[in-house]
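Notes for the structure review
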Amino acid sequence: MKKQYETVIGLEIHVELATKTKIFCGCSTAFGAAPNTHTCPVCTGMPGSLPVLNKKVVELALSVGLAADCEINRICKFDRKNYFYPDNPQNYQISQLYLPLCHDGHITIETASGRKDIRIHEIHMEEDAGKLIHDEWEDCSLVDYNRSGVPLIEIVSEPDMRSAEEVIAYLERLRLLIQYLGASDCKLQEGSMRADVNLSVREAGSDGLGTRTEMKNLNSFKAISRAIEGEKLRQIEILEAGKRVIQETRRWDDNKEYSFAMRSKEDAKDYRYFPDPDLLPVVIDEEWIREVRNSLPELQPEKMERYQKEYGLSGYDSRIITESRKLSDLFEQTTALCGLPKKTANWLIGETSRLMKENAVEADQLIFSPGHLASLIKLTESGSINTTIAKEVFEKIFKEDIEPEQYVKENGLLMVNDDSILEETIEAVLAANPQTVEEYRSGKTKVISFLVGQVMKQMKGKANPGKGVRALPSSKAVLPASRRGRKAKAPNRRGPRLAARKAKATLPLRARAAPSLPREPIRFPPTCP
């Protein structure tokens, strides 16, 4: 019988904190600047330069730890992690090993298997390294030190995850929490959130841990999911062949869907950690913790519950909207302006989500203002424009954030509510479609939809469809001569069925169909009286 294996996964997640300056100097952390323009003697490791801790870094790291239910070390300190690499100008990284800021927290995830707590071993502060740029044309590597010294927190989980599904659920939950806190934008494509996957396999039912590998170069959730499946199969094949998995760091190539060995995996002793002599220990007193805790914003679970109570949204709608802080902010601000929470939710969940998917836009890249969306909703609800025109206008709002009222007026999109113009158009449409009119007269009331469509087409979408539906059946060209002058009733699709039920209800009791009886007599058990 073939052996069954279980995957054991732990994550090391690096998150760039949203400070304006670096962790130990005053250089800018802005992304996308020209290479080596955000540097100074401190972040390039020049001899004699001294680091000074950025207080905002500690506060943001502390907020993440508190939101993740971590214990807080009242005294924490920095250590030097010694290693040589071209993008590490000091030949060491300032990090935390012995006394990290936060420890023993957890994140609750939900998957198809149910709810589960993923334990957090620790959260510590450290500085980022520079970035190597490999130029294949010139056959050389260049280094950009703009990222060197950017503040990071590293969130180290316990090996509690057993599948790619659980890993993605944990990452999504953690990213959303950090974004709500405002601690980071967590953009994987820009490197402000990076995940290293530590994975091993073991026989199902075993308590021991197998030999782990660490996979790097993972910059999307899809790549992480594929890397986990690929590395799991690779290790199982090695064990099935009777070989031993080597503890090493591997690079995942998403194009080839395979991981390649980079170097043997180091342990803490290989980095020769020792306390940084240039930085004093950081004392976290109760008052500071209380201040940070009181400043924590409303997080997703609380928002979902409030949206359902305060705005009457469904659980589904409130979950979709609160999955992005940007969307939830847009929802609240738009609702405050138009007073129509359900309509606002429908526009965000429907048209906004559709256009985001079509244009490959993330929620935090949305540019339109709540005021313009609120104005569009008011125009639609007042009957100034119909739904078709509203969707057309919203596409312009989505892409260019135009002012909807002005755009509608300038482009002649206001709905035509002049009854005389509507009647003239209806008469022209009916005259052009005599066969359809005869079908309607003979009882085929469904053709009214075709006629309404023709009216809308003639009026270039600016007619009120509701008025068209009411006006068409009462038109002289549609009514038989015997009924002209009378007020026509709108077609009722339920008419025949309703009439049948009414007729049945008026029959005498004996005339109604009797319930069918069983062919054989009912035999009761002997014990029944």
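Residues numbered from 1 in each chain as written. Predicted model: local features only at pLDDT ≥ 70, side-chain atom pairs only at ≥ 80, totals over all residues. Heavy atoms only, no water.

1. Observations regarding a nonpolar patch on the surface
- A contiguous nonpolar surface patch, about 380 Å² in accessible area, is contributed by Ile75, Tyr98, Leu99 and Val283.
- For isoleucine 75, the location among the structural elements is in strand β3 (residues 75-76). (Patch = residues over 30% accessible without salt bridge, like charges linked within 9 Å, V, L, I, M, F, W, Y side chains within 5 Å. Areas by Shrake-Rupley, 256 points an atom, 1.4 Å probe, with all protein chains shown as cover. Salt bridge = Lys/Arg side-chain N within 4 Å of Asp/Glu carboxyl O. Helix = DSSP H or I, 4+ residues; strand = E, 2+ residues; numbered from the N terminus.)

2. Quick notes on the pattern of salt bridges
- A full pass over the atoms with the stated rule returns 34 salt bridges.
- Of the charged contacts in the structure, one is a salt bridge between aspartate 128 and arginine 194, with a shortest N-O distance of 3.1 Å. Pair noted here: aspartate 128 is in the loop between β7 (114-127) and β8 (131-135) and arginine 194 is in strand β11 (residues 193-203), with a separation of 66 residues, a long-range link.
- Via salt bridges that share partners, Glu298, Lys303, Arg306, Glu310 and Glu332 belong to a single interconnected network.

3. Looking at the side chain of lysine 81
- Relative to the helices and strands, lysine 81 resides in strand β4 (residues 79-82).
- The side chain of lysine 81 sits in the buried core without any salt bridge; glutamate 126 is the nearest counter-charge, 5.7 Å away.
- Those residues within four positions of lysine 81 in sequence are excluded, and the remaining contacts are Tyr92, Gln93, Tyr271 and Tyr273. (Buried < 20%, exposed > 50% of the residue type's maximum accessible area, 1.4 Å probe, protein only. Lys, Arg positive; Asp, Glu negative; His and termini not counted. Contact = heavy atoms within 4.5 Å.)

4. As for the state of the cysteines
- For the coordinates displayed, the defined rule picks out zero disulfides.
- Free cysteine cysteine 43: the closest other cysteine sulfur is in cysteine 40, separated by 3.9 Å. (Disulfide = S-S within 2.5 Å.)

5. Notes on the packing of aromatic side chains
- A full pass over the atoms with the stated rule returns eleven aromatic pairs.
- With a centroid separation of 5.6 Å and an interplanar angle of 80°, the aromatic rings of phenylalanine 24 and phenylalanine 78 are classed as edge-to-face. Here phenylalanine 24, found in the loop between β1 (5-16) and α1 (55-67), pairs with phenylalanine 78, found in the loop between β3 and β4; they are 54 residues apart in sequence, far enough to count as distant.
- Both rings, one in tyrosine 258 and one in phenylalanine 260, keep their centres 5.3 Å apart while their planes meet at 70°; by these two values the pair is edge-to-face.
- Every member of this aromatic cluster is reached through a ring pair, and the members are Trp347, Phe368, Phe394 and Phe398.
- The residue whose ring lies beneath lysine 55 is tryptophan 288, and the NZ or CZ to ring-centre distance is 5.6 Å.
- Between lysine 81 and the ring centre of tyrosine 271, over which it is positioned, the NZ or CZ distance is 4.4 Å. (Phe/Tyr/Trp six-rings, centres within 6.5 Å; stacked < 30°, edge-to-face > 60°. Lys NZ or Arg CZ within 6 Å of the ring centre and 35° of its normal.)

6. With respect to the confidence of the model for the protein
- With 84% of its residues at a pLDDT of 70 or more, the protein shows a mean pLDDT of 86.
- Per-element averaging of pLDDT across the protein places helix α16 (residues 495-506) at the bottom with 50 and α1 at the top with 98.
- Below a pLDDT of 50 lies the segment residues 481-491, which in the model reaches 13 contacts outside its immediate sequence neighbourhood of four places, other chains included.
- Counted against residues more than four places away or in other chains, residues 503-529, with its pLDDT under 50, gives three contacts. (pLDDT = per-residue confidence, 0-100.)

7. Considering the sheet that holds strand β10 (residues 151-157)
- Pairing is mixed across the open sheet formed by nine strands, whose spatial order is β2-β6-β7-β10-β1-β11-β12-β13-β14. The sheet is open, and its two edges are formed by β2 (71-72) and β14 (258-264), each paired on a single side.
- As defined by bridge partners, strand β12 (residues 213-216) adjoins strand β13 (residues 248-253) across three bridges and the pair is classed as parallel. Note that in β13 the partner of glutamate 214 across the bridge is threonine 249.
- Taken strand by strand, helix α2 (residues 164-181) contacts β1, β6 (102-111), β7, β10 and β11, and its axis lies near 115° from that of β6. (Pairing = 2+ DSSP bridges. Axes fitted to C-alpha atoms, helices over the stretch in contact; angles between N-to-C directions.)

8. Some remarks on the nonpolar core
- Within the largest apolar cluster, 73 residues are counted, with the highest numbers of intra-cluster contacts made by Ile13, Ile155, Tyr170, Leu171 and Ile224.
- For this core, the element with the most residues is α2, which contributes twelve residues.
- If we skip the residues at most four places from it in the chain, tyrosine 170 touches Leu11, Ile13, Ile107, Ile109, Ile118, Ile120, Ile155, Ser157 and Met161.
- Core analysis: the second largest hydrophobic core is formed by 34 residues, Tyr311, Ala345, Ile349 and Leu373 among them. (Core = buried A, V, L, I, M, F, W, Y, C linked by side-chain atoms within 4.5 Å.)

9. Some remarks on the packing of helix α7 (residues 325-338) against helix α8 (residues 341-358)
- With their axes 9 Å apart at the nearest point, α7 and α8 run at an angle of 140° to one another. Judged by the angle between their axes, α7 and α8 are oblique. You can see that α7 and α8 cross each other, and the crossing is right-handed. Between α7 and α8, the residues in contact are Leu327, Leu330, Phe331, Thr334, Thr335 and Cys338 and Pro341, Thr344, Ala345, Leu348 and Thr352, respectively. (Parallel < 35°, antiparallel > 145°, perpendicular 65-115°, else oblique. Left-handed = near helix turned anticlockwise from the far one by under 90°.)

10. Structural notes on the pairing of β4
- Burial along β4 is two-sided: the residues Asp79 and Lys81 and Arg80 and Asn82 are all buried.
- Relative to strand β5 (residues 92-95), β4 is paired through four bridges, and the arrangement is antiparallel. Paired with asparagine 82 across the strands is tyrosine 92, a residue of β5.
- Summarising the sheet, β4 and strand β15 (residues 274-275) pair through two bridges and their orientation is antiparallel. Bridging across to β15, aspartate 79 finds its partner in proline 275.

11. Digging into unusual backbone geometry
- Of note, aspartate 139 is a non-glycine position whose phi angle comes to about 55°, a positive value.
- Within the element layout of this structure, aspartate 139 appears in the loop between β8 and β9 (140-144).
- By relative accessible area, which is 71% here, aspartate 139 ends up exposed.
- Backbone geometry at glutamate 257 places phi at a positive 50°, although glycine is not the residue there.
- Examined against the element boundaries, glutamate 257 turns out to sit in the loop between β13 and β14.

12. Describing the packing of helix α6 (residues 315-322) against α7
- Two elements in contact, α6 and α7, have axes separated by 6 Å at closest approach and are oriented at 115°. Across the interface between the two elements, Ile320, Ile321 and Thr322 from α6 touch Leu327, Ser328 and Phe331 from α7.
- The residue makeup of the contact of α6 with α7, split by class, is four nonpolar, two polar and no charged. (Nonpolar A, V, L, I, M, F, W, Y, C, P; charged D, E, K, R; others polar.)

13. A look at the environment of lysine 309
- Checked against the element boundaries, lysine 309 lands in helix α5 (residues 300-310).
- The class of lysine 309 is exposed, set by a relative accessible area of 66%.

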